[in-house]
Amino acid sequence: MIYSKSALALALVIVGNTAGVYAQTQPHCGFAEPFDTTVGCESPATIGLSGSCGTLPDCPSWCNPDPQLDPAYCPAGTSVIAGSGVPKYEMEFFLPPVLVNSNEGKGKGKGKDKGAVKANNAALFQNNVAVREFLQQILPPAGTYPGYDSYSGYPKTRVWGYGDPNFSNSFHNPAASIEAKKDLSINIAFLNDLVADPDTCRCSEDLAVLATACKPLEHILKDCAGVQVVDTKLHWANPGGPDAATDPRMGLAECAELVGESNSFRTDCTGKNTYVYDGPIPNVAHVHGTHAKPESDGYTEAWFLPKNSGTGASGDGYTPGGNFFDTFAPTFIPKNVCNGPETDMGTGFEANTYRNDQTTSTLFFHDHSLGMTRLNVMATSAGFYFIRDETCLSKRKGFTWYGESGMDCTTNTLPGPPPTAELNKGKNWNIKPPNSDMYVRELPIAIQDMSFYVDGAETRQFYPANRDHFNGLDGERWGCNNLYGNSAYQNALPPLSPIWNPEVFFDVAVVNGHAWPKHEVRPNRYRLRLLNACDSRTLSLSAWKWNGQDPPIDFNDLFTNSPGEIPIWVLGTEQSLLPYGPAKILSTGGNGDGFGFGSVTKFTDCATTRETSTDITPSHQGLLMQPGERYDALIDFTGLDFILGTPVTQVYIVNTGPNEPFKTFDLIDQTVGELPPGDGLAKRAPFNTLGQILRFDVSLDAGIEDSTSPDKLCFDAFPGGVEKFPPGFERTVYLKEELTTGEALGPFAAVLDNELDNAVVGKGFDEGKGWAKPITEIIPINRVEDWNIVNLSGK
């Protein structure tokens, strides 16, 4: 499946139409499109591919129209770190604490629900959540690790992430979780704090101080020469160019679809030109899966820039918000985060009310900015948003937590507690009570694939900076930007952007912000709240016992010598528990039933009837998770055999999914070793990179087990009170991969359509329904519909 933005939020991104030569533009080089000879750089027609910059002192020596031909473009020693060489299971599992808790007892309300009230009333309390830039240890630091005589390690990685602006150590990538209660609304102000000094920017009233403190940060994703990978020729936020009086690049932000009109400049359009965008970063938070009104839904054209961008002290001339930012006005008037008297927030925020009037569920929040979601999610990651039901109360070890809609809590107990406010009481984020991780038996787990490179004293995330990476043309120079572009891209119909990649697959498994972590657990049952936060990768997860002193060397070793597979029990999906009870998933079966799992056993009622897959083809298809998909799962560590003489056994969570876009599991090479795939088969993720995800180390200390055995759990027929597939209206839509014609063949967009064939006469491609097309699907309120989404992108 190919997405033109991050698969976390499907949107339509179409590359603009532009003729002529792409010009590479570096900071201060003065290149426009075509080259602007008035600022000292010569025309590409004069200097040719091997030419250099003009004579301005600002022009760096490596500034060349084609960086692929200039060996000085990528600094010496700058290369992408091989994931296969990063030590595994040396980083500890990060347990996300609670960032916003609707039962925390703050604000002006009374009683235990000061932070939230019934959903049909206005919420009383404001929670502030900001996105900021910071350093985080994602890869193992220097140390002595098994199998490594001397490991120099890697420095901290520069990332973005969400946190509480009043507590600087609360920021993490991915973020701490938001805890909400069913039918109790909460107010959250999301702040765009991507500035030089966010605290001073928010709190100072000195214009001279604000000019420095509120200076916007550039995008954190850059190529090996420090050039951003923001693609200005996509359908994107396009905050506008700097003022023409102060910057010669004014005019680069022109909209391709508006060329020739009296005003061809606006936000939220397809850019006409390729240039280095070094302006303030758009941001808008979207809670994925929540019931929300439009003004609280994080609409992709309701993005906003940091405080004072576009107005006030910075005077940078950028537009402070998207086309719908003013339309979707704040649902409440937020107050400043500064200590002392409450003051107006100023600019650079959105204020949303979440009603939580839905069944308990596993949601998550992430950036949703137009044309930048793939970049901002890669830089910022996301955070879990859990809705719980206060009518289902559980207690153990002094912890109290709320349960789920859709089951009888007097006869069903799920593993717990989750991370609660008590575990980080007083916002002491970095210090938890003794053994608190061991007591927590509900684990939020966000899985990403990433790649990295070292940039001086820091590690940076790698994201491909040119289309040659996708087309396999860049060899070892895949970290270099190529704004000049291959001429074939310009001659394609429609022209391809030289930067944008339809999908990307990285080679380091990052779980909750740590590379290949390990987590010590007891031989009890654990609840896993799983999120596939990868850019493009489909995961196929399964759990395998391992009693050897040495780790498994490949899939063949694991499957042959493991004492056995441990089932993953699926309790629920994104929006509720499963009807009647959980589904038991084993990868050693066949293609399963409609869930797309391996060997599946699931409830059809709460008595003794079961529905079991009979296909026993050894496909090793586990729990399939598309990007952005969540599962509520259970894994049972009780009754494991332990390694002789040591108080621990190991359980590996592995991924048997493909190392390329997912089509069907039948097409994945089932060779369990590390051999090349067969003819026409998709290639499985290598075992020494994304074939492994996480390791659980199971101790002998059993503690208390008071949860219900998964085969005894009994859920409602319609969890949440809504029949999932009642007889009613059915409609079909199609996900299409739009391909270019001409000299360069390849995908240029992914679109939805309500027609199977919508070919454009004379253009040679099926246009689909673009962003600006009239709305075709109108759903009456309160009608339950059955949607069939047919994925044609793998054709």
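Residues numbered from 1 in each chain as written. Predicted model: local features only at pLDDT ≥ 70, side-chain atom pairs only at ≥ 80, totals over all residues. Heavy atoms only, no water.

1. Topic: the side chain of glutamate 179
Point 1. With respect to the helices and strands, the residue glutamate 179 is situated in strand β8 (residues 177-181).
Point 2. For glutamate 179, a relative accessible area of 9% gives the class buried.
Point 3. Within the local environment of glutamate 179, its side chain forms a polar contact with the side chain of arginine 388, the two groups lying 2.6 Å apart.
Point 4. In contact with glutamate 179, not counting residues within four places along its chain, are Val98, Val100, Asn101, Ser102, Phe386, Arg388 and Pro419. (Helix = DSSP H or I, 4+ residues; strand = E, 2+ residues; numbered from the N terminus. Buried < 20%, exposed > 50% of the residue type's maximum accessible area, 1.4 Å probe, protein only. Polar contact = N/O pair within 3.5 Å; in protein donor to acceptor, adjacent residues only side chain to side chain. Contact = heavy atoms within 4.5 Å.)

2. As for the pairing of strand β24 (residues 539-546)
Point 1. Across the 8 residues of β24, 8 count as buried, placing the element largely inside the fold.
Point 2. For β24 and strand β30 (residues 623-625), the ladder comprises 3 bridges, and the chain directions are antiparallel. The partner of serine 540 across the bridge, within β30, is leucine 624.
Point 3. Strand direction decides the pairing type here: β24 and strand β25 (residues 565-566), joined by 2 bridges, are antiparallel. Bridging from a neighbouring strand, alanine 543 pairs with isoleucine 566 of β25. (Pairing = 2+ DSSP bridges.)

3. Focus: a nonpolar patch on the surface
Point 1. A cluster of nonpolar side chains, namely Leu752, Ile779, Trp787 and Ile789, defines an oily patch on the protein surface of about 360 Å² accessible area.
Point 2. Residue position: tryptophan 787 is located in strand β36 (residues 785-791). (Patch = residues over 30% accessible without salt bridge, like charges linked within 9 Å, V, L, I, M, F, W, Y side chains within 5 Å. Areas by Shrake-Rupley, 256 points an atom, 1.4 Å probe, with all protein chains shown as cover. Salt bridge = Lys/Arg side-chain N within 4 Å of Asp/Glu carboxyl O.)

4. Points about the environment of arginine 731
Point 1. Structurally, the position occupied by arginine 731 is in strand β34 (residues 729-739).
Point 2. When its relative accessible area of 10% is taken as the criterion, arginine 731 is described as buried.
Point 3. Once the C-alpha coordinates of arginine 731 and tryptophan 787 are considered, the two residues, 56 residues apart in sequence, prove to be 5.2 Å apart.
Point 4. Arginine 731 has contacts with Glu777, Ile778, Ile779, Arg783, Glu785, Asp786, Trp787 and Asn788, leaving out every residue within four places of it along the chain.

5. Points about the pairing of strand β22 (residues 517-521)
Regular strands show a simple pattern: their side chains alternate between the two faces of the sheet.
Point 1. Alternating residues of β22 divide into Pro517, His519 and Val521, all buried, and Lys518 and Glu520, none buried.
Point 2. Here strand β1 (residues 91-92) runs beside β22; their pairing, made up of 2 bridges, is parallel. Following the sheet pairing, glutamate 92 is matched in β22 by lysine 518.
Point 3. As paired elements, β22 and strand β33 (residues 692-699) share 4 bridges and run parallel to each other. Note on β33: the bridge partner recorded for valine 521 is valine 698.

6. Quick notes on the packing of aromatic side chains
Point 1. Under the defined criterion, the tally for this structure stands at 20 aromatic pairs.
Point 2. In textbook terms, an aromatic cluster arises when at least three aromatic residues are bridged by ring pairs, as seen for Trp544, Phe555, Phe559 and Phe687.
Point 3. Lysine 88 extends its terminal NZ or CZ atom over the ring of tryptophan 516, reaching a point 4.2 Å from the ring centre.
Point 4. The ring centre of phenylalanine 555 lies 5.0 Å from the NZ or CZ of arginine 684, which sits over that ring. (Phe/Tyr/Trp six-rings, centres within 6.5 Å; stacked < 30°, edge-to-face > 60°. Lys NZ or Arg CZ within 6 Å of the ring centre and 35° of its normal.)

7. Quick notes on the pattern of salt bridges
Point 1. Within this structure, the stated rule accounts for 25 salt bridges.
Point 2. Across the salt bridge formed by glutamate 390 and lysine 181, the nearest N and O atoms sit 3.5 Å from each other. Residue glutamate 390 is located in strand β15 (residues 383-396), and its partner lysine 181 is located in strand β8; the two are separated by 209 residues in the primary sequence.
Point 3. A salt bridge links glutamate 785 to arginine 731, with the shortest nitrogen-to-oxygen separation between them at 2.8 Å. Within this pair, whereas glutamate 785 is found in strand β36, its partner arginine 731 is found in strand β34, the two being separated by 54 residues in sequence. Just as glutamate 785 is buried, arginine 731 falls in that class too.
Point 4. Beyond isolated ion pairs, a larger network of salt bridges with shared partners links Glu179, Arg388, Glu404, Glu442, Arg527, Arg529 and Asp632.

8. Details of the nonpolar core
Point 1. Tyr385, Ile445, Phe637 and Phe696 are the most contacted members of the largest nonpolar core, which totals 112 residues.
Point 2. Each residue touching isoleucine 445, except ones within four places of it in the same chain, is listed here: Phe93, Phe384, Val511, Asn512, Leu528, Arg529, Leu530, Leu531, Leu694 and Phe696.
Point 3. In this structure, Cys392, Met407, Leu571 and Leu713 belong to the second largest nonpolar core, which totals 9 residues. (Core = buried A, V, L, I, M, F, W, Y, C linked by side-chain atoms within 4.5 Å.)

9. Digging into the state of the cysteines
Point 1. Using the criterion set out here, one finds 3 disulfides in the structure.
Point 2. Between the sulfur atoms of cysteine 201 and its disulfide mate cysteine 214 the distance is 2.1 Å. The chirality of the disulfide connecting cysteine 201 with cysteine 214 is right-handed, given an S-S dihedral of about 110°. Of this pair, cysteine 201 sits in helix α2 (residues 198-203) while cysteine 214 sits in the loop between α3 (207-213) and β10 (235-236), placing them 13 residues apart in sequence.
Point 3. The residue that forms a disulfide with cysteine 392 is cysteine 409, at a sulfur-sulfur distance of 1.7 Å. Of note, the bridge from cysteine 392 to cysteine 409 carries an S-S torsion of about -115° and is left-handed in sense. (Disulfide = S-S within 2.5 Å.)

10. Some remarks on the environment of proline 567
Point 1. Tracing the backbone through its elements, the reader meets proline 567 in the loop between β25 and β26 (568-572).
Point 2. Proline 567 gets classed as buried once you look at its relative accessible area, which sits at 19%.
Point 3. Distance from proline 567 to leucine 623, taken between C-alpha atoms, is 10.0 Å for residues 56 residues apart in sequence.
Point 4. Sequence-distant contacts of proline 567, that is, excluding residues within four places in its chain, are made with Lys584, Ile585, Leu586, Leu634 and Ile635.

11. Considerations on helix α4 (residues 373-380)
Point 1. Where burial is concerned, most of α4 is hidden: 8 out of the 8 residues are buried.
Point 2. Taken residue by residue, α4 has Thr373, Arg374, Leu375, Asn376, Val377, Met378, Ala379 and Thr380 as its buried positions.
Point 3. Lining the buried residues of α4 we find β4 (126-136), β7 (157-163), β14 (361-367), β17 (442-450) and β19 (458-461).
Point 4. The first or second residue beyond α4 is serine 381, which carries a positive phi of 65°.

12. What about the sheet that holds strand β35 (residues 747-753)?
Point 1. The 3 strands are arranged β35-β34-β36 in an open sheet whose pairing can be described as mixed. With partners counted over all chains shown, the strands left at the sheet margins are β35 and β36, one partner each. With direction set aside, neighbouring strand axes in the sheet form an average angle of 15°.
Point 2. For β34 and β35, the ladder comprises 6 bridges, and the chain directions are antiparallel. Counted as the bridge partner of tyrosine 734 is aspartate 753 from β35. (Axes fitted to C-alpha atoms, helices over the stretch in contact; angles between N-to-C directions.)

13. Things to note about unusual backbone geometry
Point 1. With an omega of 0°, the peptide bond between asparagine 173 and proline 174 qualifies as cis.
Point 2. The step from glycine 416 to proline 417 runs through a cis peptide bond, and the omega angle for that step is 10°.
Point 3. Of note in the backbone geometry, asparagine 356 takes a positive phi value of approximately 55° without being a glycine.
Point 4. Along the chain, the position of asparagine 356 falls in the loop between β13 (349-354) and β14.

14. Concerning the confidence of the model for the protein chain
Point 1. Put simply, the protein chain has an average pLDDT of 74, and 68% of its residues get 70 or more.
Point 2. Highest mean pLDDT in the protein chain belongs to strand β20 (residues 508-511) (98); lowest belongs to helix α1 (residues 44-47) (30).
Point 3. Predicted confidence is poor over residues 1-74, with pLDDT under 50, and the contacts of this stretch with residues over four places away or in other chains come to 217 contacts.
Point 4. Below pLDDT 50 for its whole length, residues 760-765 participates in 11 contacts with residues either more than four positions away or in separate chains. (pLDDT = per-residue confidence, 0-100.)

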